[in-house]
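Topology and contacts: notes
Below are the chains, spelled out letter by letter.
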Amino acid sequence: MDPSIILDYIPKQLLPSLGIPLVELLPDLCLGWWTPPSLDVNKYNRLKYLRILLLIVAWFPVFEMLFPIVQESSIYSATVIFAVLSIIARPLLMEKQIKRVTSMGLWNAVLPKDKREALWIVVTSSKPSDINKFDELAGRYINSPTKVAGVVLCIIFSQLYEKLPDMDDKIKLLSGLTACIVGGIGIGGVRHSNLSVDIVFRFVFGVG
């Protein structure tokens, strides 16, 4: 397939944004939003600043194109602020989450992959009780940046929806949003439990 076909569907200035679905389709690069199925969390943590840079590069052309579309400056400003906060907060909170898990003696023992995955799921799913400690607080609200990023996506899609005159284009837009949401929720839920389903959800997210 001729790669130039992509340009028929995606504006050239948005090509850097394809980095987001690309790194999710190649999770062991440890550059995606979610921890990789391999659970190489030390590598994932080391690359946090590179992930922040990648996300900024990917989101910048989106907001550049969105600027003349959004008439309400307050909505545009809020969207940009929320996006930046989610991009920066996610790796910082994940660093605390990773340290919380890797500091356990059992994690550092020699464990088969399925036992290590089960330990990660159990520990990261539990809600810390001591919210007076920042590390515990970070573990409690680890999913907040993802929720904020979801709100940003919904705001962007709503603004684009209002500007599209053709109903077929609006349906395509809603389909893309649905694929992003379903794929994102799926990746978050199965990436450490079922590799085949995880691949399907990553593909769905990428298409969205």
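This text gives an overview of the structure that appears in the document.

Okay, the overall build of the protein chain next. Of the regular secondary structure elements, the protein chain holds nine helices and zero strands. Reading the secondary structure of the protein chain in the N-to-C direction produces α-α-α-α-α-α-α-α-α. Counting every position in the protein chain, which comprises 208 residues, the buried fraction comes to 38%. In the protein chain, 58% of the contacts between residues at least 6 apart in sequence involve partners at least 24 apart. When the accessible area of the protein chain is evaluated, it comes to approximately 12100 Å², of which 67% is carbon and sulfur surface.

Turning our attention to the packing of helix 4 (residues 73-102) against helix 5 (residues 113-125). Here helix 4 crosses helix 5 at 120 degrees, and the two axes come no closer than 10 Å. The angle between the axes of helix 4 and helix 5 places the two elements in the oblique class. Remark: the crossing between helix 4 and helix 5 carries right-handed chirality. In this structure, helix 4 uses Met 94, Gln 97, Ile 98, Arg 100 and Val 101 to contact helix 5, whose residues at the interface are Trp 120, Val 123 and Thr 124. Counted by class, the contact of helix 4 with helix 5 contains five nonpolar, two polar and one charged residues.

Following the sequence through the fold, Asn 108 ends up in the loop between helix 4 and helix 5. On the basis of relative accessible area, Asn 108 is assigned to the exposed category, the value being 54%. When near neighbours in sequence (up to four residues on either side) are disregarded, Asn 108 contacts Thr 102 and Ser 103.

Attention now goes to the packing of aromatic side chains. By the definition in use, this model includes five aromatic pairs. Where Phe 63 meets Tyr 76, the ring centres are 6.3 Å apart and the plane angle is 85 degrees; that geometry is what we call edge-to-face. One end of the pair, Phe 63, is in helix 3 (residues 48-66); the other, Tyr 76, is in helix 4, and 13 residues separate them in sequence. Tyr 76 sits in the buried class, given a relative accessible area of 17%.

This part is about the pattern of salt bridges. If you walk through the whole model with that rule in mind, you get two salt bridges. Here Lys 48 and Glu 95 are joined by a salt bridge, their closest N and O atoms 3.7 Å apart. Residue Lys 48 is found in helix 3, and its partner Glu 95 is found in helix 4; the two are separated by 47 residues along the sequence. For the pair Lys 48 and Glu 95, a shared accessibility class is recorded, and that class is buried. Measuring nitrogen to oxygen at the nearest pair gives 3.7 Å for the salt bridge that ties Glu 95 to Lys 99. Taken together, the residues span about one helical turn, with Glu 95 and Lys 99 both in helix 4 at a distance of four residues. Judged by relative accessible area, Glu 95 falls into the buried class, the value being 16%. What you see here is one network of salt bridges that share partners, running through Lys 48, Glu 95 and Lys 99.

This paragraph deals with helix 4. With 30 residues, helix 4 extends 44 Å from end C-alpha to end C-alpha; this agrees with the ideal 44 Å at 1.5 Å per step. Remark: the principal bend of helix 4, roughly 25 degrees, maps to Ala 89, with a proline, Pro 91, within the next four residues.

What follows is about the packing of helix 4 against helix 7 (residues 144-163). Each pair of packed helices gets described by two things: the angle between the helix axes and the distance between those axes. Interhelical geometry of helix 4 versus helix 7 gives an angle of 155 degrees and a closest axis separation of 8 Å. In terms of axis orientation, helix 4 runs roughly antiparallel to helix 7. For the crossing formed where helix 4 meets helix 7, the hand is left-handed. In this structure, helix 4 uses Ile 75, Thr 79, Phe 82, Ala 83, Ser 86, Ala 89, Arg 90 and Leu 93 to contact helix 7, whose residues at the interface are Pro 145, Thr 146, Val 148, Ala 149, Val 152, Ile 155, Ile 156 and Gln 159. For the contact of helix 4 with helix 7, the per-class residue count stands at eleven nonpolar, four polar and one charged.

Cut-offs applied
- Residue numbers run consecutively from 1 along every chain, following the written order of its sequence.
- Given that the model is predicted, a residue must reach a pLDDT of at least 70 before its local features are reported, and side-chain atom pairs must reach 80 or more before they are shown or counted; all residues, however, enter totals for whole chains, interfaces and linings.
- Excluding hydrogens and water, the side-chain values take into account all heavy atoms of the structure.
- Helix and strand assignments follow DSSP, with helices taken as H or I runs no shorter than four residues and strands as E runs no shorter than two, numbered in order from the N terminus.
- A simple rule labels every residue: compare its accessible area, found with a 1.4 Å probe on the protein chains alone, to the largest value its type can have, and call it buried under 20%, exposed over 50%, or partly exposed in between.
- The contact rule is simple, with two residues in contact once any of their heavy atoms fall within 4.5 Å.
- Where accessible areas are quoted, they stem from the Shrake-Rupley method and a 1.4 Å probe; at the residue level, only the protein chains shown are allowed to cover.
- Every angle, taken between N-to-C directions, lies between 0 and 180 degrees, and every axis is a line fitted to C-alpha atoms, over only the stretch in contact when it is a helix.
- Put simply, angles under 35 degrees are roughly parallel, angles over 145 are roughly antiparallel, angles from 65 to 115 are roughly perpendicular, and the rest are oblique.
- By convention the crossing between two helices is left-handed if the near helix lies anticlockwise of the far one by an angle smaller than a right angle, and right-handed if it lies clockwise.
- Three residue categories are used. Nonpolar comprises Ala, Val, Leu, Ile, Met, Phe, Trp, Tyr, Cys and Pro, charged comprises Asp, Glu, Lys and Arg, and polar comprises the others, including Gly.
- The aromatic pairing rule takes the rings of Phe, Tyr and Trp, using the six-membered ring of Trp, and pairs them if the centres are within 6.5 Å, calling planes under 30 degrees apart stacked, those over 60 edge-to-face and the rest tilted.
- What makes a salt bridge here is a side-chain nitrogen of Lys or Arg within 4 Å of a carboxyl oxygen of Asp or Glu, nothing more.
- Working rule for helices: expected span equals 1.5 Å times residues minus one.
- The seven residues ending at a residue and the seven starting there each receive a fitted axis; the angle between those axes is the bend at that residue.

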